[in-house]
Amino acid sequence: MQAQPRAPISPPPAAASAPTPAPPPAETLVFPPSDAAKLTSHLPPQHLQSQDQDQNAPTPQSRRPFVTLTFATSLDSSLSLAPGTRTVLSGPQSKAMTHHLRAHHAAILIGVGTAVADDPGLNCRIAGARSPRPVVVDPRARWALHRDSKVLQLARAGQGLAPFIVTAEREPSAGVAALLAEHGGKFLFVEAAAETGRFSWADVFDVLGREGLGSIMVEGGGEVINSLLAEPECELVDSVIVTIAPTWLGQGGVVVSPPRTVGESGRPSAPLRLTGVEWHPLGEDVVLCGKILR
Ligand SMILES: NC(=O)C1=CN([C@@H]2O[C@H](COP(=O)(O)OP(=O)(O)OC[C@H]3O[C@@H](n4cnc5c(N)ncnc54)[C@H](OP(=O)(O)O)[C@@H]3O)[C@@H](O)[C@H]2O)C=CC1
Ligand SMILES: Nc1nc(O)c(N)c(N[C@@H]2O[C@H](COP(=O)(O)O)[C@@H](O)[C@H]2O)n1
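Let us look at the structure shown here. (Residues numbered from 1 in each chain as written. Chains lettered and ligands numbered in written order. Predicted model: local features only at pLDDT ≥ 70, side-chain atom pairs only at ≥ 80, totals over all residues. Heavy atoms only, no water.)

Let's talk about the nonpolar core
One recurring pattern in soluble globular proteins is that nonpolar side chains are buried together. Operational definition: To qualify as a nonpolar core, a set must consist of buried Ala, Val, Leu, Ile, Met, Phe, Trp, Tyr and Cys residues joined through side-chain atoms within 4.5 Å. Accessibility here uses a 1.4 Å probe with only protein chains present; expressed as a share of the type maximum, an area under 20% marks a residue as buried, one over 50% as exposed, and anything in between as partly exposed. Runs of H or I in DSSP of at least four residues are treated as helices and runs of E of at least two as strands, each being numbered from the N terminus. Contacts were defined at the residue level, with two residues in contact if any of their heavy atoms lie within 4.5 Å.
Within the largest apolar cluster, 36 residues are counted, with the highest numbers of intra-cluster contacts made by Leu 69, Leu 109, Trp 201, Phe 205, Leu 208 and Val 218. Among the elements that make up this core, the one with the highest residue count is helix H6 (residues 201–210) (six residues). Those residues in contact with Phe 205 that lie beyond four places of it in its chain are Arg 64, Pro 65, Val 67, Leu 109, Ile 216, Val 218, Leu 228 and Leu 236. One finds Leu 29, Ala 103, Val 112 and Leu 122 within the second-largest nonpolar core, a separate group that totals 32 residues.

With respect to the layout of surface pockets
Condition: Think of a 1 Å grid over just the protein atoms. A cavity is a set of points where a 1.4 Å probe fits yet cannot get out, a pocket is an open set with protein on both sides within 12 Å along at least five of seven lines, and lining residues have an atom within 4 Å of a point. Grid points are joined across faces, edges and corners, and a volume is the space filled by probe spheres set on the points. Each residue is assigned to one of three groups, with Ala, Val, Leu, Ile, Met, Phe, Trp, Tyr, Cys and Pro labelled nonpolar, Asp, Glu, Lys and Arg labelled charged, and all others, Gly among them, labelled polar.
Here the second largest pocket is characterised by a volume of approximately 480 Å³. Phe 71, Val 242, Val 256, Leu 274 and Leu 288 are the residues nearest the centre of the second largest pocket, which is lined by 19 residues in total. If you list the elements that add at least two residues to the lining of the second largest pocket, you get strand E1 (66–73), strand E8 (239–244), strand E12 (274–282) and strand E13 (285–292). In terms of residue class, the lining of the second largest pocket is made up of 15 nonpolar, three polar and one charged.

With respect to the environment of Val 224
Along the chain, Val 224 turns up in helix H7 (residues 222–228). Since its relative accessible area comes to 8%, Val 224 is described here as buried. Distance from Val 224 to Pro 259, taken between C-alpha atoms, is 13 Å for residues 35 residues apart in sequence. If near-sequence neighbours (up to four positions away) are discounted, Val 224 is found in contact with Leu 109, Ile 110, Gly 111, Trp 201 and Val 218.

Next up, the structure:
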C-alpha cells in the first residue's frame, strides 16, 4: 500500500508568545428521556441537584451532600489500562448516561491522580443541561493546573465551571490560587491525618456541603473509589451507578477492589454487596444501579 503523505511539521510556538488555544470543539451528547426515566430513582432528590441550592439560607448549609459513586469498569474491574493512562470504556450511550448524571449533581469529584492522568473537562455536554462543579481531592496540592488545562478552557468558554481543589496544603501555589480565582474556582482546606496524609471522606463531604453543594458524583479514580468503598467510609455513599463495558483490560490496570474484611471465623468475607439492584443495557454496555447493603 502506498504511504500517505505526511502532514508538514510546524515548529512549536514560542512559549512567551503562544496564544491561548481555543477550547476543544463542543461535543453534543443526547440521552433519550426513555433511558433517563430508568435512572430517576437512583438520582439525588431534585432540590439537592443544583449548586448553591441553599443560596437564600442565612448561614451556609452544613448538611452532608447526597453521594453517588459512579464509574466505568471493564469485565476485570479495571478503570484504565495503567496508572496515569486515560482509557475509553463507555460506549456512546453510556457516556451520554454519565453526562446525564453530571447534569443532575451539584458537583463531580475526582482524585488528583485522575486530574493529572486525564486532564478532564468534567462538564456536561448534553445540550442545554447545566454542568456540575468539578472538585479535585489533592491533599498535597500537586496538580499543576494551568491556563490551558481543559477544565479552565471550558470555564472560559462558558461550557463548564472552574474546579474547587480540596487540599491539606496550607500554602498552595499562589499562581494556581490566582488562576482558580480568575475562573471562579478556589482551594478548600481540609485537615489530613498526620500518619497517612489522608482525609476522612466525612470531612471532605462536610466542607463541600458547607459550599452549598448538595450532591456529589464521585467518578474516581482507583484510590478514591477503593477508599470510599472501605468501612466505615462506605456508609457515606447513597447510590452506586456502574457502567460495565464488555472488554477485559488485562493485568496491570487501575482496579476497583476494596479492602477485604475478615469474618468472625477468621476467614475472608465479602466486604460489600449492593441491594435494590437494577441492570440497564445501554448500547453494548450495561449500567448497574443499586445501594450499598447496610
Ligand atoms: N473508568 C472510569 O470511570 C474512570 C477512570 N479513571 C482512571 O483512574 C486512574 C487514576 O486512578 P488513581 O491513580 O487511583 O488516582 P485517583 O484519581 O484515585 O487519585 C489518587 C490520589 O488522590 C488523593 N487521594 C485519594 N483519596 C484520598 C483521601 N481519602 N485523602 C486524601 N487524598 C486522597 C491522593 O493524592 P496524593 O498522592 O497526592 O496524596 C491519591 O494519590 C486514571 O488512569 C484514570 O483515567 C478515573 C476516573 C474514572
Ligand atoms: N464514564 C466514564 N467512562 C469512561 O470510559 C471513562 N474513561 C471515564 N472517565 C472519567 O471521565 C473523565 C473524563 O471526563 P471528560 O470527558 O474529560 O469530561 C475522566 O477523568 C474520568 O473521571 N468515565
